[in-house]
Structure formats: structure tokens, C-alpha cells
Amino acid sequence: MNTTMKRLTILLFVLAVPVALSAFSFGADNHQFNPAFLGSSTRTWETGVSGNLNVYNSYFAITDFLSEEEDAALVIDLGDLAEAMAGGKMETSLGTSLEVHAMAQLFGIGVGGYAAADLYGGFSIPESFFTFLAEGNTIGDEITGEGELNLKGFAEVGVYAGYRYGNYQIGLKFGQYVPLIYSEGTGYSYSLLAKEADEDGIIFEAEAEAFGTVYSAFDLDDPGNFDSPMDILTGAGTKLDIGFVHVKQQGRPLWGASASIPLLPAKPAYAFELTGGLEATITDPLGSISFGDENGNGDDNDNGFAETENTFELSKIEGEIDKEIMAPYKLGGFYRFTLIPVIDLIPHVEMVFEDPMLVNYGLTLTGSFAPLSWVSLGMGQVNNLWVARAGLDVDLRLLEVGVRVSSSSESLETLASFQRPDVSFQVALGL
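Residues numbered from 1 in each chain as written. Predicted model: local features only at pLDDT ≥ 70, side-chain atom pairs only at ≥ 80, totals over all residues. Heavy atoms only, no water.

Visitor: Could you clarify how one ought to interpret the pairing of strand β2 (residues 89–106) in this entry?
Guide: Regular strands show a simple pattern: their side chains alternate between the two faces of the sheet. Sheet topology places strand β1 (residues 45–57) next to β2; 13 bridges connect them, and they run antiparallel. From the neighbouring strand, Ser50 faces β2, where its bridge partner is Glu99. Summarising the sheet, β2 and strand β3 (residues 109–126) pair through 18 bridges and their orientation is antiparallel. Looking at the pairing, Leu98 lines up with Ala117 of β3. (Pairing = 2+ DSSP bridges. Helix = DSSP H or I, 4+ residues; strand = E, 2+ residues; numbered from the N terminus.)

Below, the structure is given as C-alpha cells:
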């Protein structure tokens, strides 16, 4: 295939989906998208670290907590909250990641290594719980609900090899990955019941039950139970990443394509069953509230009482673990348009072959030369969410520092509310 055909093929691949606007990093810290980025700079050696933190709540947003008024207060209307959750659930999540890499290249040959970890935790609270808080419960009626608990965490380590021929850079990564924590079918159910007591008063009964399986490369009963750090890789899955980049204009990639190919699934060394629950019985709940006398001394004789029993347990499953976790196949590509003076337009796309299949895409706007090239803006779709991002990457040759802030949302209308804020950083030293 000649050069023109290669460029046309990659361009059509990038434009095969609708183009929106997402700030996109071409530094070595983004080697998870394309391993050739590890060797596409003009540095002889480089070592760096990057990470991010993101939070999300489906009802509250960052802008709800910001006000210019000195006496401003956040008012939570339980009725409004229950109405907003009608037929649905409140989702809350927290995610973080950390990546380190090192590489050296001489006479066009590059070698290096990397390590990365990603952690995600999320849970949901059903609408019935907020309806109970807002409206209470009728004696004799039982309120029930069920929520999910999602935990996903993976660690990956690997080696890198690359080769530069003229303006073309090819990169290969061979890595092993293990689940730090991976939940399957985990969640909880609850019931709330108010009923009359034999004497004057009310008995309130609450029950919650947990269920599901949690997998990990660690023994969660004794996380330090291993002879060496390499023991964590027992049962690790393997994957191969291939990247190709056309580089010119002082090391700035013009276009490229990449693929991530899983070779073997990860087989978790440990599995744990989430069982048990919580039971609480409150007799005369109104009588359980005592405001005390003027000196703050309460009178316990008039108070009701509560009985609780907690049986939550994460119990280890003995025997062979029949579970395989396979990394997804991925294909990605990008192209840098340099026809507009001062500004470069860079569409990119990544197809993730999961169930269901994901197509992440976006467009980055950045300057054509330093220091304008240190600033990038964009918007796109990642994991079926709209994402807007602004980045500042200052490259001083020996030191490169980057900070990126983004917001994501299920709709464009709420994108500016910072309901899913994400802050990331990257620092690299090189020569």
C-alpha cells in the first residue's frame, strides 16, 4: 500500500463516525491509546508520571456548591429529590488512575517499561428510599428497594519496544494485567416497615441484605500475604498493543493508528462472596428523640430503644476460581489537519469491542506552534458520555508539565454544570 493510500485509509477511518469536539494528549502519558507515543518525541530518554481523579453524582453537581453570596446555603429538598429520581436511582461514583513510564531511544531504537493502575467505585440508591425520607411511610405498608454496587480496579505492567525510520515511528507494548478488585452481580436490597405496637407507640423495622461476588489478585483477608510483588501477577492476563505514527514538525504526530489485542484472560487468584445484612428494630421512634433540658441533660426514661444486628461479611471462596476476565479489543486512530493558520484540528476515534460496543471520538483544537501548542480545547464522546476538556501542557524540553480539566455528562445541556468533573496531571523529565 503506497503512502497516499495509507493516509487516505487512516483519514476515512478517523472520519467514519460523527466528529464532535475532545482535548487529546499526544504525549507519552497517552501510550494507552497508542504505544508509539512513547517514542514519538525527540527526547533521547524520558521518565514520567500521570494520574487523574473524577467524581460523579446524578443529582448534585459542582455548581450546586458554588455561590458568590456570603450567607448562601445549599438547600436539599427531599421532595424535589424524590421527584427527580422518579422511576430511577441516584448514581454516585469515584474513579482514579495512576501511570508511570520510562523509555530511552538511540539510533532509532527505543526500549522502556510502564505500570498503570485504574480504580473505580460506584453505587446506586433507588427512588423509593428518597420517597420514604420525603413522605414517610404508612403503617402496615412495606417499602422495598434494590441498589447496585460496582467495583472495578486493574493493574497493568509491561515493556515497550519501538523503532524510528525517518518520520515513521512504530511502537509495541507487551503487558500483563490483573484485577485489583472486580465485582460481579454485587448489590443490596432493603425493606422498611412501620407497624403499631401492642401498646401505644410504633415499631419501625428496617432490613438490608447484601449479595454478589468480588474477585481480586489480592487476598482481601490478608492483603500483605505474598512473598514478592511479582506474586500479584499470578493468573495475569496478557495483551499486545501496536501503534504506528507519522511524526514530523518537531516531533508532533501528524497521524497514526493503533490496536490493542488481548492474548490471554486474567484469572483472579481469589474470590469472595458478599453475604449477610443489617437488621434494626426501633420501638417508639418519636420517643427515641430527646432534646434534654435547658442544661443539655436528656431524660432516658422517656426514650424508646433500638436493636440492631449486623451480619455483613465478605467470605473467601475456597477451591479453584472459575472466572476469566478478558481485556477488550481496541482500534484507534487520529489525524492532524494543519490547513488553518495558527490552529491545528485533530479528530480522533477509538472503537472498543465490548458488549455493547463503544465508539469514543472527538476533535481537539490546539496551537500550531509553541507556546500556542501548549493549550488544547475540545469536546467529544467517551463511554457514551459527552466530554468537554481544556488542557495546558508546558514543554520546556527537560521538563514537561500538564494539567487537564474536563466535565462529562449524558447530555449537552448539563455539560457545563460539572456533574462529572475530572482533573488529571502529567509530569515528565527527559533530554
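Text resumes after the structure shown.
Visitor: What exactly am I supposed to notice about unusual backbone geometry here?
Guide: Keep in mind that most residues, glycine aside, have a negative phi and that most peptide bonds are trans. The omega torsion across Asp355 and Pro356 is 5°, close enough to zero to call that bond cis. Following Ala370, the chain continues into Pro371 via a peptide bond in cis, with omega recorded as 5°. Secondary-structure assignment places Pro371 in the loop between β15 (358–367) and β16 (375–382). A positive phi is found at Val342, a non-glycine position, where the angle reads about 75°. Tracing the chain through its elements places Val342 in the loop between β13 (329–335) and β14 (343–353).

Visitor: In this structure, what is going on with the packing of aromatic side chains? I would like to understand it.
Guide: For any pair of aromatic rings, the description consists of the separation of the ring centres together with the inter-plane angle of the planes. Tallied over the entire structure, the rule returns ten aromatic pairs. Ring geometry for Phe244 versus Trp255: centroids 6.0 Å apart, planes at 45°, classification tilted. A residue pair is termed long-range when its members are at least 10 positions apart, and Phe244 in strand β7 (residues 237–248) and Trp255 in strand β8 (residues 252–264) qualify at eleven residues. Taking the relative accessible area as the measure of exposure, Trp255 reaches 2% and is therefore buried. Members of the aromatic cluster, each reached through a chain of ring pairs, are Phe129, Phe130, Tyr188 and Tyr190. Over the face of the ring belonging to Tyr114 we find Lys173, whose NZ or CZ atom lies 4.3 Å from the ring centre. (Phe/Tyr/Trp six-rings, centres within 6.5 Å; stacked < 30°, edge-to-face > 60°. Buried < 20%, exposed > 50% of the residue type's maximum accessible area, 1.4 Å probe, protein only. Lys NZ or Arg CZ within 6 Å of the ring centre and 35° of its normal.)

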